[in-house]
Amino acid sequence: MIPRLFPNNAKPVTKETGTGYTWYSGGFQTLGYGSVPDAIEGYVDEERNGGFTLTMTVPAETAYINKLNIGTLIVADASPQQKNQAFEIAKVTKTLNGRVQVYAEHITYRLLYSILRPFPSAGVQGLNYVFGRLRTNKSTDYYIEGNDFYFDWTGGFQPYYSYLTEFCSVKQFLQGREGSVVDTFGGCLKYDNFTVYLCANRGTDNGVKILYGKNLTDASAEYNNQTESTASTILPYYKKDDRYITGTLIELQNGTTSLYAYKRAICKDFSSELSNLPQDATDATITEKLNTKARAWANAHLRGVPDVNLKTSFIPLHQTVEYADLANIESVEIDDTVHVHIPTLDIDVDAKVIKTRYNFLQDRYDSVEVGNFRTSINQAIRSVKGAY
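Residues numbered from 1 in each chain as written. Predicted model: local features only at pLDDT ≥ 70, side-chain atom pairs only at ≥ 80, totals over all residues. Heavy atoms only, no water.

### Things to note about the overall build of the protein
Reasoning step 1: Along the protein, the regular secondary structure elements total five helices and 26 strands.
Reasoning step 2: Taken across its 388 residues, the protein has 47% of its residues classed as buried.
Reasoning step 3: Split by element, the accessible area of the protein, about 18700 Å² in all, is 47% carbon and sulfur. (Helix = DSSP H or I, 4+ residues; strand = E, 2+ residues; numbered from the N terminus. Buried < 20%, exposed > 50% of the residue type's maximum accessible area, 1.4 Å probe, protein only. Areas by Shrake-Rupley, 256 points an atom, 1.4 Å probe, with all protein chains shown as cover.)

Here's what the structure looks like:
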């Protein structure tokens, strides 16, 4: 698509109203300032529960060069399904070779500058309680400054204790900090201009295949054991007054403890999760609840094997006739499941799409990165041992 420029205060055409809040939905349908047909390069990079940015290179003599300023909105497609997304220019670089490089952030980065006040726990609550705090965007009870965003979720989530003990930005509350919505409830965030969704299952499995010798043009596998999730043992603890109560040392029951020559253990404080315990709770009761919480947390967050990410590049299959049956690779989205077969890297797995680079000028992906492999633990151990 040809990107378009809009003033900083532009909004989608549809304005919605709820109980105590308003927001804007849909895409940007007008031309705004105008289009940039002479753009040289244009990419949108999105990472699962991470960054969502745009980069664009234009000639210095482009017609709307005087509009490429900090704060101007660039509207472009972020993927085959995410159309007309707004990105706010954050940096402009002019080079000696007569080009201008623009870096822009998705409109939801404005949530970094919308402040959420602390709020108390109301016991075990679901996302309705949490997002109810975010939806009061015209109230001074929780915001220092309101906004025009809407927050919702799709799919089933287990209720948890939810509260905020210190001031933070809405963006930090959603992701990127301990105790954030993503950290507490799991799931995958999806941004659609002024709408933010937490999805239990954002992606789907449409049978997409990335095959060596067919549509794959380049691939590299990265093995990383520097993250917390590679631990296989956890020691839970609870702070009561001036002393600590520890639970049982819990190991994952998936055969990963023998992968390393030493026990990879971490400790985790569950004091906040058990904050509603009665004052007269015995140590035995606390230990029992600690172990229950720790087992559930370990099963959800620990894998015991290194993270394995695979970066792939492929040809635009929708332009070919002979590979028409594989053309659905062009429609993958963040969090989708794809099937990867690369014999030279000893990889034959199902994996989640965790990062994409979309070329919005050519309406296709330049690269897709997959990780969080869903495979048997024995196969994972074999692959990891072969990587060292």
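### A few points about the nonpolar core
Reasoning step 1: Ranked by size, the top nonpolar core spans 64 residues in total, and within it L54, F131, F151, F173, L174, V181 and L198 carry the most contacts.
Reasoning step 2: Broken down by element, the residue count for this core peaks at five residues, all from helix α1 (residues 127-135).
Reasoning step 3: Ignoring anything within four residues of it in the chain, the contact list for V181 reads L127, V130, F131, F173, L174, G186 and L198.
Reasoning step 4: Residues Y238, L252, I266 and I286 belong to the second largest nonpolar core, which totals 17 residues. (Core = buried A, V, L, I, M, F, W, Y, C linked by side-chain atoms within 4.5 Å. Contact = heavy atoms within 4.5 Å.)

### Thoughts on the pairing of strand β22 (residues 265-269)
Reasoning step 1: Alternating positions in β22 separate cleanly, I266 and K268 being buried on one face and A265, C267 and D269 remaining unburied on the opposite face.
Reasoning step 2: Here strand β19 (residues 233-240) pairs with β22 via five bridges, running parallel. Across the sheet, the residue bridging to I234 is I266, located in β22. (Pairing = 2+ DSSP bridges.)

### Looking at the pattern of salt bridges
Reasoning step 1: Counting across every chain of the model gives eight salt bridges.
Reasoning step 2: R110 serves as the salt-bridge partner of E88, at 2.9 Å between the closest nitrogen and oxygen. Of this pair, E88 sits in strand β8 (residues 85-94) while R110 sits in the loop between β9 (99-106) and β10 (115-116); the two residues are 22 residues apart in sequence, bridging distant segments of the chain.
Reasoning step 3: Residue classification places R110 among the partly exposed positions, given a relative accessible area of 22%.
Reasoning step 4: The network of salt bridges with shared partners includes R48, D335 and K352. (Salt bridge = Lys/Arg side-chain N within 4 Å of Asp/Glu carboxyl O.)

### Comments concerning the sheet that holds strand β15 (residues 188-192)
Backbone-to-backbone hydrogen bonds pair the strands of a sheet. The strands run either parallel or antiparallel.
Reasoning step 1: The strand order β12-β16-β15 describes an open sheet built from three strands, whose pairing is mixed. The two strands at the open ends of the sheet, each matched to only one other strand, are β12 (150-154) and β15. Within the sheet, the average angular offset between the axes of one strand and its neighbour, ignoring direction, is 25°. (Axes fitted to C-alpha atoms, helices over the stretch in contact; angles between N-to-C directions.)

### Looking at the packing of aromatic side chains
To describe a pair of aromatic rings, one takes the distance between the centres and the angle between the planes.
Reasoning step 1: Tallying each qualifying case throughout the model produces six aromatic pairs.
Reasoning step 2: Arranged with centres 5.6 Å apart and planes meeting at 70°, the rings of Y237 and Y244 form a pair that is edge-to-face.
Reasoning step 3: Owing to a relative accessible area of 52%, Y244 belongs among the exposed residues under this scheme.
Reasoning step 4: Taken together, F52, F87 and Y191 form an aromatic cluster joined through their ring pairs. (Phe/Tyr/Trp six-rings, centres within 6.5 Å; stacked < 30°, edge-to-face > 60°.)

### Describing the pairing of strand β20 (residues 243-246)
Reasoning step 1: Pairing of β19 with β20 involves four bridges; the strand directions are antiparallel. Its bridge partner being in β20, Y238 is matched across the sheet by I245.
Reasoning step 2: Connecting β19 to the next strand, β20, in antiparallel fashion are two residues, including D241 with a positive phi near 60°.

### A few points about unusual backbone geometry
A negative phi angle is the norm for most residues apart from glycine, just as the trans form is the norm for most peptide bonds.
Reasoning step 1: Even without being a glycine, N84 presents a positive backbone phi close to 50°.
Reasoning step 2: Looking at the secondary structure, you find N84 in the loop between β7 (73-76) and β8.
Reasoning step 3: By relative accessible area, which is 16% here, N84 ends up buried.

### Some details on the confidence of the model for the protein
Reasoning step 1: Mean pLDDT over the protein works out to 77, with 69% of the residues at or above the 70 mark.
Reasoning step 2: At the level of individual helices and strands, the protein shows its lowest average pLDDT in helix α5 (residues 377-387), which scores 40, and its highest in strand β6 (residues 52-59), which scores 97.
Reasoning step 3: Low pLDDT, under 50, characterises residues 137-141; the predicted model gives this stretch 15 contacts beyond four residues in sequence or across chains.
Reasoning step 4: Per-residue pLDDT stays below 50 along residues 373-388; that stretch engages in 30 contacts with residues further than four places along the chain or on separate chains. (pLDDT = per-residue confidence, 0-100.)

### Observations regarding helix α4 (residues 283-301)
Reasoning step 1: With 19 residues, α4 ought to run about 27 Å at 1.5 Å a step, and its terminal C-alpha atoms sit 26 Å apart, in line with that.
Reasoning step 2: Next to the buried residues of α4 lie β19, β20, β21 (250-251) and β22. (Expected span 1.5 Å × (residues − 1).)

### A short note on the side chain of D77
Reasoning step 1: Within the secondary structure, D77 sits in the loop between β7 and β8.
Reasoning step 2: Since its relative accessible area comes to 5%, D77 is described here as buried.
Reasoning step 3: Among the polar contacts listed, one links the side chain of D77 to the backbone nitrogen of N84, at a separation of 3.0 Å.
Reasoning step 4: Excluding residues that lie within four positions of it along the chain, D77 makes contacts with M1, V44, Q82, K83, N84, Y358, F360 and D363. (Polar contact = N/O pair within 3.5 Å; in protein donor to acceptor, adjacent residues only side chain to side chain.)

### Examining the environment of C168
Reasoning step 1: Counting through the fold element by element, C168 comes out in strand β14 (residues 168-169).
Reasoning step 2: Under the relative-accessibility criterion, C168 is labelled buried at 5%.
Reasoning step 3: When the C-alpha atoms of C168 and S114 are compared, they prove to be 8.5 Å apart, with 54 residues separating the residues in sequence.
Reasoning step 4: Not counting residues up to four positions away in its chain, the partners in contact with C168 are S114, I115, L116, F173 and R177.

### Observations regarding the environment of S79
Reasoning step 1: Mapped onto the fold, S79 is located in the loop between β7 and β8.
Reasoning step 2: Judged by relative accessible area, which is 2%, S79 ranks as buried.
Reasoning step 3: Along the primary structure S79 and S331 are separated by 252 residues, whereas in three dimensions their C-alpha atoms are 7.9 Å apart.
Reasoning step 4: Every residue in contact with S79, bar those within four places of it in the chain, is listed here: E333, Y358 and Y365.
Reasoning step 5: Engagement of the side chain of S79 in a polar contact is seen with the side chain of E333, the distance being 2.7 Å.

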